[in-house]
Amino acid sequence: MSTVLAPSPHVRSSVTIETAMYGVIIALLPGALVGACFFGLNALKVMTISIIACLLFEAMVLKIRGMDMSPLKDGSAVLTGLLLAMNLPSNIPWWMVVMGAVVAIGIGKQVYGGLGYNPFNPALVARVFLLISFPVAMTSWPVPKPLSFSLDTITGATPLGAMKTSLMMEGNVGAAANMSLVDPLIGNMGGSLGEIGALALALGGIYLLVRKIITWHIPVSFLATVFGMTGIYWLINPELYAPPTFHLVTGGLMLGAFFMATDYVTSPVTGKGMVIFGVGCGVLTVFIRLFGGYPEGVSFAILLMNAATPIIDRYTRPRVFGYPTRKEARA
Amino acid sequence: MANRFRGGVHPDDSKHTSKQAISGLQPAERLILSLSQHIGAPSRPEVSVGDRVLKYQPIASPGGFVSMALHAPTSGTVKAIEPAPHPSGRLVTAIIIEPDGLDEALDRTDKADPGLARSPENWKETIRDSGIVGMGGAAFPTHVKLSPPEDKPIDMIVANGVECEPYLTADHRLMLESPDEILGGLFLAMKIVGAKKAVVAIEANKPDAAEVMRKADLPEGVTVEVLPVMYPQGAEKQLIQALTGREVPTGGLPMDVGVVVQNVGTLATMNQAIKEGRPMVERVMTLGGPLPNGPGNYMVSIGTSLSHVVEQTGGLKGPAARLINGGPMMGQALAGLESPVTKGTSGLLAFGPGELRTLRQRACIRCGSCISVCPASLLPHTLGSMVEFRLFNQLREFNITDCIECGSCAFVCPADRNMVQFIRQGKAELLALAGK
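Anyway, here's the lowdown on the structure attached to this text. Keep in mind that this is a model prediction, so the values were computed, not measured.

A few words on the overall build of chain B. Of the regular secondary structure elements, chain B holds twelve helices and 17 strands. Its C-alpha radius of gyration of 21 Å places chain B within 12% of the 22 Å reference for a compact globule of 436 residues. Projected onto its principal axes, the C-alpha positions of chain B cover 65 × 50 × 50 Å. Considering chain B as a whole, with its 436 residues, one finds that 60% of them fall into the buried category. A separation of at least 24 residues holds for 73% of the contacts in chain B among residues at least 6 apart in sequence. Element-wise, carbon and sulfur atoms account for 52% of the exposed surface of chain B, whose accessible area totals about 16700 Å². Across chain B, the 42 positively charged side chains and the 45 negatively charged ones have centroids separated by 6 Å.

If you want it as structure tokens, here you go:
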């Protein structure tokens, strides 16, 4: 038997791409479970279709590109499928889910060369594509029915949507914005599968932090910015602006801050860069929510910041060992 | 005091041989004394085929300022001067000696200075004539390190007993078994460069060694520092940062911040050379990894083939899938055991099939792990991708030459990227571009 002449180092940590991807999938399970509890079979249907469709399109594109099928096992396509499902209402027609998967895998990911090369979060690209193409289907959320597995649903607005409507019709934030936080915390509200249940999502986020799959930089700076900015507006005029706690637990903020903005490939690589990225996501989210045409702005905010990632990386390069600090260089 | 350098990783330290006392081996029937035992120009042979040589007799002289003398480890006959296996994988000219078993030594009492009556300058000459190089792995000639220019005053000597590479325990055992030799060498080094302070640096996974060193007769100005276990703490610049907070400037040397670092083994060898007149003809090495039947720490004559070391200690449990000259983080993979122990051989590790994780290199997913562990604060993933896509022009702007090739980035990489190999290739491409 001949020996392996591999370059050093000869030992490696046990952390692999799979560890990270399946770690995020595990962390998403509590949130997905909440979705399933409140939206029943429809939720499971959307998740299953989305994951299977993503895997199928990944396989198809790999085949067309003449590559081996090993990337199917790395967990990234499953994760994209699950994330996409979490971004959809449970009553969305199945073919829209499939279209979303085509966009996520095809245009969001493989067009650029697959995992590692995509500039935008694939699931978000698909979500925004669906939101713009099918605005009605994407914004008619079924009213949650805890532990009911009936397939027919009544649709209603999300708290953020109700607030926007009230602002336009009545000129104030209305009842929605001052509702009890218990329902959004446990998931008893309208929204996409992964938008409800802030507590379950945050729990998954903490799991990611504990397992060191993500660092605190992006979620903390993102959430703190949203909380701080909406807090200032609320203090200025509580008639026009909802309390910061409301903004924290409604919409896609938890999902976005812990699971979408932290996507390795499309976010900055240094701690400093990640904080800038998180703050940027927060500022854009708040501006879209408070002053934009859409009730929710998390997806747009993250996609816009994805576009800014290369430039953030460029200006947050660490000072190399043995070179003068900026202060020393000036002196 | 932070006692911390930037970045670094925490591989399982696997110091399974730390309880094995240093033991000797039956001499080999053939010694391969490579003329390239060190960084710098190869040595020049001073003997001819057929000559009888005595133990400690110089058989090659330095081939330049950064070059070293070479001595016969035992008495015998020069059988050949020819290209022979070398740990680098290439064939390098070596003096082949067949020992006669008599171990007859050259009288070197005139070289010894047991009472330390001579001048530090004279000691430095002895170090050079004794062929002493850094024994931590890089094998840099010791007398050159002890010759800082006058405008670079040295205030501190660091005795490097960190031994941060997993599996290696040779320095650990040496500190337990010969603390006085190490401290003797440390005292001489302080005198040679005029340093008032010295630190013996030891990682926290060797508390017994720290205890022994503390209880030993410490020369004035010498302290023992226990550092948290973190790779690559043994790298000179990182060790200095952890101990003093000083940062060796880019392209600079430890002497630029007033420090000289010497491995503990080197200090012990210096002590023997100056007090007893014994040149460097042997060293301690660790035989480790899961495969050897007789893992442990061995005193081995320079020139002994690795196969002899393995056979003498009971062979291997099965076929080797990976052989490593040195530690697992920076050591070099060997194709076989034909190459000899050189002055820089700190260990030989042997792994069987399936004992090291199979790697499958994939695209970078930009997780940033490599950046957070890089002790030089580089962007290893960027450098790797630039080399992969042959964008060599930007490598210098991204400070590729500041990479110390410690391998921390590749260790943590979830995409199993061979970052160190990319960076070595990038450095070579830059050299080639500069040469045009």
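From this point on, the discussion continues.
Next up on the list: the interface of chain B and chain A. The interface is formed by 59 residues belonging to chain B together with 38 residues belonging to chain A. Summed over both partners, the interface of chain B with chain A comes to about 4200 Å²; 57% of that surface belongs to carbon and sulfur atoms. Measuring nitrogen to oxygen at the nearest pair gives 3.5 Å for the salt bridge that ties R317(A) to E397(B). Viewed at the interface, chain A and chain B are joined by 28 residue pairs in polar contact (both at pLDDT 80 or more). Listing elements by their share of the side of chain B that touches chain A, those giving two or more residues are helix 6 (236–244), strand 15 (322–325), strand 16 (332–334), helix 11 (408–412) and helix 12 (419–435) of chain B. In the side of chain B that touches chain A, the residues fall into 34 nonpolar, 13 polar and twelve charged.

Following S8(A), the chain continues to P9(A) via a peptide bond in cis, the omega torsion being -5°. With respect to the helices, strands and loops of the structure, P9(A) is situated in the segment before helix 1 (17–64). With an omega dihedral of 0°, the bond running from Y231(B) to P232(B) counts as a cis peptide bond. Of note in this structure, D103(B) is not a glycine but carries a positive phi near 55°. With respect to the secondary-structure elements, D103(B) resides in the loop between strand 8 (91–99) and helix 1 (120–129). Non-glycine residue L116(B) carries a positive phi angle of around 50°. Relative to the helices and strands, L116(B) resides in the loop between strand 8 and helix 1.

Strands sit in the order 3-5-6 (chain B) across an open sheet of three strands; the sheet is antiparallel. Either end of the sheet is taken by a strand with one partner, and the two such strands are strand 3 (44–45) and strand 6 (70–71) of chain B.

Let's shift gears to helix 2 (residues 76–86) of chain A. All names here are of chain A. Among the eleven residues that make up helix 2, eleven are buried, leaving the element largely enclosed by the rest of the structure. Regarding helix 2, the residues found buried are S76, A77, V78, L79, T80, G81, L82, L83, L84, A85 and M86. Among the structural elements, helix 1, helix 3 (94–109), helix 4 (122–133), helix 9 (198–210) and helix 12 (253–260) are those in contact with the buried residues of helix 2.

A few words now on the nonpolar core. Counting residues in each nonpolar core, the largest one holds 108 residues, and the members touching the most others are F222(A) and F259(A). Considering each element in turn, this core owes the most residues, 16 residues, to helix 1 of chain A. Leaving out residues up to four positions away in the same chain, F259(A) has contacts with V24(A), A27(A), L28(A), L83(A), L201(A), G204(A), G205(A), L208(A) and M254(A). In terms of nonpolar packing, the next biggest core, distinct from the first, is built from 40 residues, I22(B), M190(B), A210(B) and V224(B) among them.

What follows concerns a positive patch on the surface. There is a patch of like positive charges on the surface, built from K272(A), R326(A), K327(A) and R330(A). On the secondary structure map, R330(A) appears in helix 15 (residues 326–330).

As a further point, take the packing of aromatic side chains. Summed over all chains, the structure comprises seven aromatic pairs over all chains. Geometrically, the ring pair formed by W95(A) and F134(A) is edge-to-face, given 5.6 Å between the ring centres and 90° between the ring planes. Within this pair, whereas W95(A) is found in helix 3, its partner F134(A) is found in the loop between helix 4 and helix 5 (135–138), the two being separated by 39 residues in sequence. Among the aromatic residues, those joined into a cluster by ring pairs are Y233(A), Y241(A), F287(A) and F291(A). Lying over the aromatic face of F398(B), R317(A) brings its terminal NZ or CZ to 3.9 Å of the ring centre. When the ring centre of F5(B) is taken as reference, the NZ or CZ atom of R4(B) above it lies at 5.5 Å.

To continue, consider the pairing of strand 10 (residues 197–203) of chain B. Along strand 10 of chain B, six of the seven residues are buried, which leaves the element largely enclosed by surrounding structure. Once the chain exits strand 10 of chain B it traverses helix 5 (residues 207–215) of chain B before rejoining the sheet at strand 11 (residues 222–227) of chain B, and the crossover so formed is right-handed.

This paragraph deals with the pattern of salt bridges. All names here are of chain B. According to the stated counting rule, one finds 24 salt bridges over all chains in the structure shown. Between E177 and R173 there is a salt bridge; the shortest N-O distance is 3.0 Å. Linking E177 with R173, this pair stays in helix 3 (residues 170–177), spanning four residues, or about one helical turn. With a relative accessible area of 35%, E177 lands in the partly exposed category.

Residue and element names in this part refer to chain A. Tracing the backbone shows S140 in the loop between helix 5 and strand 1 (141–142). Put simply, S140 and T158 are 18 residues apart on the chain and 8.7 Å apart in space, counted from C-alpha to C-alpha. Ignoring anything within four residues of it in the chain, the contact list for S140 reads P89, N91, T155 and G156. A polar atom in the side chain of S140 sits 2.6 Å from the backbone oxygen of V136.

Residues and elements named next belong to chain B. Strand 12 (residues 259–263) sits mainly inside the fold: five of its five residues count as buried. Here strand 12 shows two buried faces, one formed by V259, V261 and N263 and the other by V260 and Q262. Relative to strand 12, strand 9 (residues 156–161) runs parallel, the two being bridged by five bridges. Along strand 12, the bridge assignment pairs A159 with Q262.

We now examine the side chain of K206(B). Residues and elements named next belong to chain B. Among the structural elements, K206 can be located in the loop between strand 10 and helix 5. Look at K206: it is buried, it has no salt bridge, and the nearest opposite charge is E203 at 4.3 Å. Among the polar contacts made by the side chain of K206, one reaches the main-chain carbonyl oxygen of V162 at a distance of 2.8 Å. Apart from the residues within four sequence positions on either side, K206 is in contact with K15, G161, V162, E163, H172 and M175.

So, about a nonpolar patch on the surface. A cluster of nonpolar side chains, V111(A), Y112(A), Y117(A), F389(B) and L391(B), forms an exposed patch at the surface whose accessible area comes to about 500 Å². With respect to the helices and strands, F389(B) occurs in the loop between helix 10 (380–388) and helix 11. The exposure class of F389(B) is partly exposed, given its relative accessible area of 46%.

To continue, consider helix 9 of chain A. Residues and elements named next belong to chain A. The end-to-end C-alpha separation of helix 9 is 18 Å, in line with the 18 Å expected for 13 residues at 1.5 Å each. All buried positions along helix 9 are accounted for by A198, A200, L201, A202, G204, G205 and L208. Against helix 1, helix 2, helix 8 (182–186), helix 11 (244–249) and helix 12 lie the buried residues of helix 9. Residue K212 follows helix 9 closely and has a positive phi angle near 60°.

Taking the C-alpha atoms as reference points, E177(B) and V212(B), separated by 35 residues in sequence, lie 8.8 Å from one another. Those residues within four positions of E177(B) in sequence are excluded, and the remaining contacts are A21(B) and I22(B).

Residue and element names in this part refer to chain B. Taken together, the four strands give an open sheet; going across it, the order is 2-8-7-4, and neighbouring strands pair in antiparallel fashion. Taken across any chain shown, the strands that pair with only one partner, and hence form the sheet edges, are strand 2 (31–34) and strand 4 (52–53). As paired elements, strand 2 and strand 8 share four bridges and run antiparallel to each other. Across the sheet, I32 pairs through a bridge with I96, a residue of strand 8.

Rules of the game
- Residues numbered from 1 in each chain as written.
- Chains lettered and ligands numbered in written order.
- Predicted model: local features only at pLDDT ≥ 70, side-chain atom pairs only at ≥ 80, totals over all residues.
- Heavy atoms only, no water.
- Helix = DSSP H or I, 4+ residues; strand = E, 2+ residues; numbered from the N terminus.
- Rg over C-alpha atoms; globule rule 2.2 N^0.38 Å.
- Buried < 20%, exposed > 50% of the residue type's maximum accessible area, 1.4 Å probe, protein only.
- Contact = heavy atoms within 4.5 Å.
- Areas by Shrake-Rupley, 256 points an atom, 1.4 Å probe, with all protein chains shown as cover.
- Lys, Arg positive; Asp, Glu negative; His and termini not counted.
- Charge placed at Lys NZ, Arg CZ, Asp CG, Glu CD.
- Buried area = accessible area lost by both parts, 1.4 Å probe.
- Salt bridge = Lys/Arg side-chain N within 4 Å of Asp/Glu carboxyl O.
- Polar contact = N/O pair within 3.5 Å; in protein donor to acceptor, adjacent residues only side chain to side chain.
- Nonpolar A, V, L, I, M, F, W, Y, C, P; charged D, E, K, R; others polar.
- Pairing = 2+ DSSP bridges.
- Core = buried A, V, L, I, M, F, W, Y, C linked by side-chain atoms within 4.5 Å.
- Patch = residues over 30% accessible without salt bridge, like charges linked within 9 Å, V, L, I, M, F, W, Y side chains within 5 Å.
- Phe/Tyr/Trp six-rings, centres within 6.5 Å; stacked < 30°, edge-to-face > 60°.
- Lys NZ or Arg CZ within 6 Å of the ring centre and 35° of its normal.
- Right-handed = clockwise from strand over helix to strand, strands pointing away.
- Expected span 1.5 Å × (residues − 1).

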